[in-house]
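# Analysis of the macromolecular model
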Amino acid sequence: MSTARSAPREPTPERGVIIASLPPGTDGDEGLAEMREILRTATVDAVAALTQHRRRPDPRTYLGPGKIDELRELL
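The rules behind each value
Residues numbered from 1 in each chain as written. Predicted model: local features only at pLDDT ≥ 70, side-chain atom pairs only at ≥ 80, totals over all residues. Heavy atoms only, no water. Salt bridge = Lys/Arg side-chain N within 4 Å of Asp/Glu carboxyl O. Helix = DSSP H or I, 4+ residues; strand = E, 2+ residues; numbered from the N terminus. Buried < 20%, exposed > 50% of the residue type's maximum accessible area, 1.4 Å probe, protein only. Pairing = 2+ DSSP bridges. Polar contact = N/O pair within 3.5 Å; in protein donor to acceptor, adjacent residues only side chain to side chain. Contact = heavy atoms within 4.5 Å.

Right, let's talk about the pattern of salt bridges for a bit. Tallied over the entire structure, the rule returns 3 salt bridges. One salt bridge in this structure joins R40 and E37, with 2.5 Å as the shortest N-O distance. Residue R40 and its partner E37 are both found in helix 1 (residues 29–41); the two are separated by 3 residues, about one turn of the helix. Note on E37: relative accessible area 38%, which makes it partly exposed. Across the pair K67 and E70 runs a salt bridge whose closest N-O atoms are separated by 3.2 Å. Taken together, the residues K67 and E70, both in helix 2 (residues 65–74) and 3 residues apart, mark about one turn of the helix. Overall, K67 belongs to the buried group, its relative accessible area being 17%. Look at E70 and you get partly exposed, because its relative accessible area is 36%.

If you want it as structure tokens, here you go:
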């Protein structure tokens, strides 16, 4: 009896959302592109990116309440 061996499967990428809180007036495109590449290397599919411009991240939730609601809807 012959047993056929199947080729190893590629891992199914996990899905993730990139979240960034940036200082007002900054352009986060370069950092977001780098984060997408890092996630791709880690086999994570970045399905969305949320950015918010704030003087500093909210100490409890990182994002403000409006972005939290937006993230909730996205998920």
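On to the pairing of strand 2 (residues 44–53). With 9 bridges connecting them, strand 1 (residues 14–22) and strand 2 associate as parallel partners. Residue pairing in the sheet places R15 in a bridge with D45 of strand 2.

Tracing the backbone shows Q52 in strand 2. Side-chain polar atoms of Q52 contact the backbone nitrogen of G64, separated by 2.9 Å. In contact with Q52, other than residues within four places in its own chain, are A20, S21, L22, L63, G64 and K67.

A positive phi is found at T43, a non-glycine position, where the angle reads about 55 degrees. The residue T43 is located in the loop between helix 1 and strand 2 in this model. Overall, the relative accessible area of 37% leaves T43 in the partly exposed class. Residues other than glycine seldom take positive phi values, yet Y62 does so here, at roughly 75 degrees. Note on placement: Y62 falls in the loop between strand 2 and helix 2.

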